[in-house]
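Chain by chain, the residues run as shown.
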Amino acid sequence: MDSSTHLTESDHVAGQYASTDNLRTRRDVWRPGPEGVSPVDVLRTLVVSSQPRRVIEIGCGTGAFARSVLDEAPDVDYVATDLSPAMVEATRALGVTAEVASSDILPFGDGSCDAAVAAWMLYHVPDLDGTLREVRRVLRDGGTLYVATNGREHLAGLLREAGGDALVTQFMSENAAEVLGRHFEHVVQRDVETRATFADHATASAYLATFSPDLAASLPHFEGPRTYAGHTAVLSAR
Ligand SMILES: C[S@@+](CC[C@H](N)C(=O)[O-])C[C@H]1O[C@@H](n2cnc3c(N)ncnc32)[C@H](O)[C@@H]1O
């Protein structure tokens, strides 16, 4: 499989996130790994404990992360953005302020935010350095970007069983700190192992079908549930 080549193609990304279905199907299988923590919880703890006044999020998806931050810290001025109108609509339905925006042209003033969040989206942006420059522009001096992404071996067990390869992207655990270091002085990374449990073959195949119908079709049949390791990283950069 060479899914990595079209991960940043705008037509592919727009199609992938034209509705919230693919994202919801993938999200539901993930559970904490050996450490007992999920990367989403690690990310939220970092954001909330920094006590920001104004937070922006890029590539907010369904808005679940934004909602969870606001549930813990209701006084935060949080504005979520996403390229996909369907994602923005889903986010607004959770009571979160949200706007359609491309991550490289953000509708915020210079130095206007204390924190920015980019969770599992920087591997999609066509101009990664352009997006990071834009995030840098809207952050105040000393403001922090909080990021989550996957590593090269993320779910590779399932991908290989289906005849594919591990997914190499432009922004993964293995190069994320170096990429962020081009724009920020202080970068801290925590790797978090997770677990994906599929109730049966059909569930695993449906997961694969959200990004590769070919892999979904070639996954050999198996009986019963299966669990695979996921490899993620949570980073802060300021
Ligand atoms: C893998 S999903 C992650 C969503 C959410 N952050 C989460 O963790 O569930 C990637 C999201 O980034 C959005 N996206 C992709 N490219 C984008 C861009 N250039 N600017 C803004 N959003 C983008 C997609 O529409 C999608 O909602």
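Treat the numbers as computed from the prediction; the structure is a model and nothing was measured. (Residues numbered from 1 in each chain as written. Predicted model: local features only at pLDDT ≥ 70, side-chain atom pairs only at ≥ 80, totals over all residues. Heavy atoms only, no water.)

K.L.:
Could you clarify how one ought to interpret the overall build of the protein chain in this entry?
P.N.:
Helix and strand counts for the protein chain stand at ten helices and eight strands. Radius of gyration (C-alpha) of the protein chain: 17 Å, near the 18 Å computed for a compact globule of 238 residues. The principal-axis extents of the C-alpha atoms in the protein chain amount to approximately 55 × 35 × 30 Å. The buried share among the 238 residues of the protein chain stands at 49%. For the protein chain, contacts bridging at least 24 residues in sequence account for 74% of all contacts bridging at least 6. When the accessible surface of the protein chain is split by element, carbon and sulfur atoms take 50% of a total near 10,700 Å². Computed over 20 positive and 33 negative side-chain charges, the inter-centroid distance for the protein chain is 4 Å. (Helix = DSSP H or I, 4+ residues; strand = E, 2+ residues; numbered from the N terminus. Rg over C-alpha atoms; globule rule 2.2 N^0.38 Å. Buried < 20%, exposed > 50% of the residue type's maximum accessible area, 1.4 Å probe, protein only. Contact = heavy atoms within 4.5 Å. Areas by Shrake-Rupley, 256 points an atom, 1.4 Å probe, with all protein chains shown as cover. Lys, Arg positive; Asp, Glu negative; His and termini not counted. Charge placed at Lys NZ, Arg CZ, Asp CG, Glu CD.)

K.L.:
Explain the environment of T203 here, please?
P.N.:
Locating T203 in the fold gives a position in helix α9 (residues 201–209). Overall, T203 belongs to the partly exposed group, its relative accessible area being 30%. Within the structure, the side chain of T203 is placed 2.5 Å from the side chain of D200, a separation counted as a polar contact. (Polar contact = N/O pair within 3.5 Å; in protein donor to acceptor, adjacent residues only side chain to side chain.)

K.L.:
What is the right way to look at the packing of aromatic side chains in this model?
P.N.:
Within a pair of aromatic rings, the relevant descriptors are the distance that separates the centres and the angle that separates the planes. Counted by the stated rule, this structure contains three aromatic pairs. Judged by centre distance (5.3 Å) and plane angle (80°), the rings of F198 and Y207 are edge-to-face. As far as burial versus exposure is concerned, F198 and Y207 are alike and both buried. (Phe/Tyr/Trp six-rings, centres within 6.5 Å; stacked < 30°, edge-to-face > 60°.)

K.L.:
Would you take a moment to explain the site of the ligand for this structure?
P.N.:
Close contacts around the ligand come from 19 residues, with Y17, G59, D82, S103 and A119 the closest. Measuring from an oxygen atom of the ligand, one finds a side-chain N or O atom of D82 at 2.6 Å. A distance of 3.0 Å separates a nitrogen atom of the ligand from a polar atom in the backbone of S103. Protein burial of the ligand: of its 590 Å² of free accessible surface, 92% is covered by the chains. Classifying every residue of the shell around the ligand gives twelve nonpolar, six polar and one charged. (Near = heavy atom within 4 Å. Nonpolar A, V, L, I, M, F, W, Y, C, P; charged D, E, K, R; others polar.)

K.L.:
I keep staring at the packing of helix α3 (residues 39–49) against helix α4 (residues 64–72) and nothing clicks. Help me out?
P.N.:
Geometrically, a packed helix pair is captured by the angle between its two axes and the distance between the axes. Look at α3 against α4: their axes get within 10 Å of each other, and the N-to-C directions meet at 50°. Taken together, the axes of α3 and α4 are oblique relative to one another. Considering only the axes of α3 and α4, their crossing is right-handed. Contact with α3, carried on its side by V40, L43, R44, V47 and V48, involves F65, S68, V69 and E72 of α4 and no other residues of that element. Partitioning the contact of α3 with α4 into residue classes produces six nonpolar, one polar and two charged. (Axes fitted to C-alpha atoms, helices over the stretch in contact; angles between N-to-C directions. Parallel < 35°, antiparallel > 145°, perpendicular 65-115°, else oblique. Left-handed = near helix turned anticlockwise from the far one by under 90°.)

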